Every structure is written in structure tokens, then in C-alpha cells.
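Here is how the chains run, residue by residue.
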Amino acid sequence: MKSKKIILIAILSIITLSLYSQGLEELTSTNDDGRAKVILDTDMVECFDDGIAMITLASTPSINLLGVTTVAGNRSMPNGVATGVRQLEIINSTVPIYEGSRYGIRNYRFSEAAIKAEENLLGPIGYAGYARVYQDPKKYGNIDYDPMAKWIDVYRYLYNREPSYKYVYGMNHKDMNGNDGAVNFLINQANMYPGEITLIAIGPTTNIARAILKDPTFPSKIKKIVYMGGSFYEEGNSTAAAEFNWWADPDASKICVRSAWGDQESPEGQLYNNQVISGLEANSNTSGMPQDLYEKMLNTTYPELKDLFMKKNGLKAPSNIWDVLAVGYVINPDIVISWNDSPRPKDSSVQDIYGVYIDVDSEMSVDYGRSIAYRTNKGPVGTKKAAIQNYIDEELFWNDVVLPALVMK
């Protein structure tokens with residue numbers, strides 16, 4: 001009888017060990033499956049450009065989108081969560097989305113008094129994003145522009161339905177790891193996967209700057225950062241000096257671009273500080289979505305996503321593609337064929353990546369928010385290098401990166 005118990009215990013031990021090994025193998029394959037780990041930080045809108053950037057990442061097999069963090073920018077942060085949730089619902093995603101910063105580092109800046117004072121200094125502001133409520137309270141005074149609204153109320157207002165998405169986290173709803181919003185999620189993911197995450201910042205950089213201020217080691221644990229922001233060799237689109245994303249929070253952008261990202265001893269760290277920029281240059285040098293591809297996408301994408309496209313663009317292909325260029329580079333770096341102010345190669349061959357020293361003007365003057373690229377191989381004390389996208393292989397970008405991700409799965 002005693003020998004039978006011993007045999008039974010041995011069999012159970014073997015089964016337990018086998019199950020443990022199987023579970024460990026599954027865990028390992030889930031966490032290290034060869035896909036590139038990415039976090040998207042975004043001032044989300046429907047469809048082009050932030051929405052398609054997110055959907056492209058979430059739908060590309062080579063990308064493991066760890067999470068989406070939202071920030072005030074194009075619209076209020078709650079609006080960004082609501083529109084992000086709707087699009088993730090449509091594509092049947094389970095990617096978590098996190099509430100982030102409701103205001104920039106200077107949290108008083110977009111008050112009515114402050115924005116009017118800034119216009120007295122800078123002249124009329126072109127594109128003002130969520131600051132538009134103070135330019136025209138009657139037109140933009142609804143709940144979807146309210147920085148302090150609850151995202152679920154904005155969702156109900158926009159879509160006249162209840163959200164079904166279960167993966168939204170913030171102060172009132174922590175995730176399973178205790179993250180209560182964008183900043184903690186960013187820091188904790190960097191600690192969990194040091195040197196593995198590519199961070200894509202396609203809105204104002206407030207969340208990222210707050211992560212750096214909270215944990216100064218954060219940038220060193222990120223493999224690479226890719227921004228949509230800045231206008232280095234062209235005029236801005238919010239003021240003559242400044243592109244919107246970095247004008248919306250110049251203090252945050254300056255903190256970010258002066259940080260040492262990733263492995264500083266690596267070739268990438270030496271060449272361009274592991275930071276890549278998709279600014280107004282790349283967008284100006286790239287046509288909008290080709291009309292024939294837009295029509296093909298409408299016929300092959302999710303019906304509810306098609307409805308959003310039609311509501312926003314009608315039958316005309318969108319031209320505002322800024323954020324998608326940043327995402328496209330992460331998916332396939334070969335889409336960029338020239339950098340900084342280098343001309344387009346005559347044979348469209350891919351030019352080797354290299355960086356220039358850059359900075360952001362955060363002084364309240366006519367240059368407030370201006371992004372600066374130095375033509376010499378040295379910048380002011382504290383500045384770092386970055387590689388600025390210039391010309392794009394449009395055929396590769398649209399046909400091999402964007403369109404496949406929008407087909408209904």
C-alpha cells in the first residue's frame with residue numbers, strides 16, 4: 001500500500017512538473033514571441049491620423065502593442081479615450097488604454113486669459129487643438145472638449161450608446177498591476193521590459209515628460225522613441241514658429257528631446273540618441289492617401305470603421321497623415337529614404353540614418369514652441385541628437401504598411 005502511494009505521488013509530481021513547464025513555456029512565448037514591443041502615446045482622434053496610427057499598430061502581426069496612453073492635444077484627454085475605445089471596439093482589440101494628462105506642464109496655459117495673452121504676443125493662433133474652446137466657447141463648449149469630463153460620458157455623447165470595452169484604466173480603475181493611469185503604466189512597462197520598448201509619441205509629450213520627472217531613469221530603459229512633432233526646416237501650423245504637438249506643451253517636449261534615450265553606447269545612441277522625429281517635413285513631402293487605395297480600404301475594412309471614415313472624410317481620401325508616418329517607420333524603417341534636410345535620393349534608395357542636434361524653445365516669446373535643428377555638429381549645452389524624417393517611400397508606406405492593417409480580420 002505504501003509503495004502504491006509513493007508511485008501515485010511520483011506520477012502526480014511528474015504531471016505537476018509537466019503542467020508547470022507547459023505554463024512557463026506559454027508565459028515565455030507570450031512575453032517573448034519575437035514581436036516588437038510598442039507603446040503608443042496619443043492625443044487620439046477618429047480615423048486619420050491618430051486613430052489609423054493606432055489601428056495600424058494593433059493590426060500589424062510583427063507588433064505587440066502593449067498599451068495606448070492618452071493625452072490632451074487635438075481634443076480633450078477624455079475625448080481621446082472615448083474615440084480610442086470606440087475604434088478598439090470596432091477592430092475587436094484587447095489592447096489596454098490609459099487615461100493620461102488633462103493639461104500640459106503649464107496647466108494654467110489654456111485658460112481664456114492665458115490664451116488671449118499668448119495671442120497678443122504671438123498673433124492669431126492657427127490650429128489650437130483642445131484650446132479652441134477658449135477661442136470660440138459657443139462652438140467648442142460641449143462635453144467632448146471639457147478636460148475634466150469623464151470619458152464614459154463623452155463616449156455616450158459622441159456615439160449615443162454604452163461602451164463595451166473592458167480595458168480602460170485610470171485613477172478610478174486600476175489595471176491588474178496597479179497602474180492608475182498613463183504615467184505609471186509607462187514607467188512600470190519600462191521597468192518590466194528594459195531596453196525592449198519602442199515608445200511612439202504622436203501627441204503633446206506631457207505624459208512622457210511627467211514619467212521622466214517621476215523617474216529620471218525612464219528614458220534609459222526605453223529602446224527608442226519616435227515622435228510626431230516639430231517643424232525644423234519649415235514654418236509651423238499653430239504659429240509661424242511652432243508645430244502644434246510641441247507648441248501645445250513646449251516645456252514637456254524640451255524635457256523629452258534633451259533626455260538620453262536607450263543605450264547611449266550603441267551605434268544608434270551615438271548617431272541619433274535613439275530618437276526619431278516625424279515632423280512637418282515628412283508630411284509636407286508626402287502626398288495624402290491615394291484615392292484608389294482609400295476606395296479599396298473602404299470596401300475591405302470593418303463596416304463600422306468605414307462609417308467613421310465616411311462621416312469624417314466622405315469619399316475624398318484624407319491628406320492629414322502625420323501620425324501614421326511615425327508609426328509606419330516603426331513597422332518598416334525602410335519607408336524613410338532621406339533624413340533631416342537631405343534631398344530625396346534620385347534613385348529612391350534608402351539613405352543611412354543619422355541625427356542632428358535639436359532643441360525646443362520653451363521661453364514665452366515669439367519663438368515659443370519652435371523646434372530647432374542645428375546645422376553644425378554641436379548644439380547648445382544639454383541638447384541631444386535626433387534623426388528627422390524627410391522623404392518617404394510612399395508606395396512602400398501605403399501598400400505594405402497601412403493598407404494591410406486596415407483590412408477586416
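Residues numbered from 1 in each chain as written. Predicted model: local features only at pLDDT ≥ 70, side-chain atom pairs only at ≥ 80, totals over all residues. Heavy atoms only, no water.

## Description of the nonpolar core
Stage number 1. By size, the foremost hydrophobic cluster in this structure holds 79 residues, and its most contacted members are L57, I200, W247, M289, F309 and Y329.
Stage number 2. Here Y329 is in contact with K224, V226, Y272, V276, I335, V336, W339, I353 and Q389, once residues within four sequence places are set aside. (Core = buried A, V, L, I, M, F, W, Y, C linked by side-chain atoms within 4.5 Å. Buried < 20%, exposed > 50% of the residue type's maximum accessible area, 1.4 Å probe, protein only. Contact = heavy atoms within 4.5 Å.)

## Here we look at a nonpolar patch on the surface
Stage number 1. Taken together, L121, M364 and V366 make up a surface patch of nonpolar side chains, about 260 Å² in accessible area.
Stage number 2. Mapped onto the elements of the fold, L121 is located in helix α4 (residues 112–122). (Patch = residues over 30% accessible without salt bridge, like charges linked within 9 Å, V, L, I, M, F, W, Y side chains within 5 Å. Areas by Shrake-Rupley, 256 points an atom, 1.4 Å probe, with all protein chains shown as cover. Salt bridge = Lys/Arg side-chain N within 4 Å of Asp/Glu carboxyl O. Helix = DSSP H or I, 4+ residues; strand = E, 2+ residues; numbered from the N terminus.)

## Overview of the pattern of salt bridges
Stage number 1. In the structure shown here, the tally under the stated rule is 15 salt bridges.
Stage number 2. Across the salt bridge formed by D33 and R35, the nearest N and O atoms sit 2.7 Å from each other.
Stage number 3. Within this structure, R86, E89, R161 and E304 form a network of salt bridges that share partners.

## Some points on helix α7 (residues 151–159)
Stage number 1. Listed as buried for α7 are W151, V154, Y155 and Y159. Across the axial projection of α7, the buried residues extend over an arc of 105°, all falling on one side.
Stage number 2. Close packing links the buried residues of α7 with α3 (77–90), β4 (168–169) and α16 (303–313).
Stage number 3. A positive phi of about 55° marks N160, the residue just after α7. (Arc of directions from axis to C-beta.)

## Concerning the pairing of strand β9 (residues 356–360)
Stage number 1. A large share of β9 lies buried, amounting to four of its five residues.
Stage number 2. Bridge count between β9 and strand β10 (residues 371–373): three bridges; the pairing is antiparallel. The residue bridging D359 from the neighbouring strand is I372, located in β10. (Pairing = 2+ DSSP bridges.)

## Concerning the packing of aromatic side chains
Stage number 1. For the structure on display, the rule yields 18 aromatic pairs.
Stage number 2. Taken together, a centroid distance of 5.7 Å and an interplanar angle of 90° make the contact between Y329 and W339 edge-to-face. Of this pair, Y329 sits in helix α17 (residues 322–331) while W339 sits in strand β8 (residues 336–339), and the two are ten residues apart along the sequence. By the burial criterion, Y329 is buried, and W339 matches it.
Stage number 3. Grouped by ring-pair contacts, the aromatic residues F48, Y294, F309, F397 and W398 constitute a single cluster.
Stage number 4. It is K37 that lies over the ring of Y193; its NZ or CZ is 5.1 Å from the centre. (Phe/Tyr/Trp six-rings, centres within 6.5 Å; stacked < 30°, edge-to-face > 60°. Lys NZ or Arg CZ within 6 Å of the ring centre and 35° of its normal.)

## Some points on the environment of V81
Stage number 1. Structurally, V81 can be placed in helix α3.
Stage number 2. Among residues more than four places away in sequence, those in contact with V81 are T70, I97, E99, W151 and V168.

## Focus on the side chain of D50
Stage number 1. Tracing the backbone shows D50 in helix α2 (residues 50–59).
Stage number 2. Buried and without a salt bridge, D50 has K312 as its closest oppositely charged side chain, separated by 7.0 Å.
Stage number 3. Looking at D50, its side chain comes within polar contact range of the side chain of N74, at 3.2 Å.
Stage number 4. Setting aside residues no more than four positions away along its own chain, D50 makes contact with T42, D43, M44, V45, N74, I202 and D323. (Lys, Arg positive; Asp, Glu negative; His and termini not counted. Polar contact = N/O pair within 3.5 Å; in protein donor to acceptor, adjacent residues only side chain to side chain.)

## Thoughts on the side chain of E243
Stage number 1. Of note, E243 is situated in the loop between β6 (224–228) and α11 (244–247).
Stage number 2. Salt bridges are absent for the buried E243, whose nearest opposite-charge side chain, R109, sits at 11 Å.
Stage number 3. A polar contact of 2.7 Å, which involves the side chain of E243, links it to the backbone nitrogen of G230.
Stage number 4. Only 3.2 Å separates the side chain of E243 from the backbone nitrogen of W246, close enough to count as a polar contact.

## Concerning the pairing of strand β2 (residues 63–70)
Stage number 1. Along β2, eight of the eight residues are buried, which leaves the element largely enclosed by surrounding structure.
Stage number 2. Note: strand β1 (residues 36–42) against β2, seven bridges, orientation parallel. What sits directly across from K37, in β2, is N64.
Stage number 3. As paired elements, β2 and strand β3 (residues 97–98) share two bridges and run parallel to each other. What sits directly across from V68, in β3, is I97.
Stage number 4. On the question of chirality, the crossover connecting β2 to the parallel β3 by way of α3 is right-handed. (Right-handed = clockwise from strand over helix to strand, strands pointing away.)

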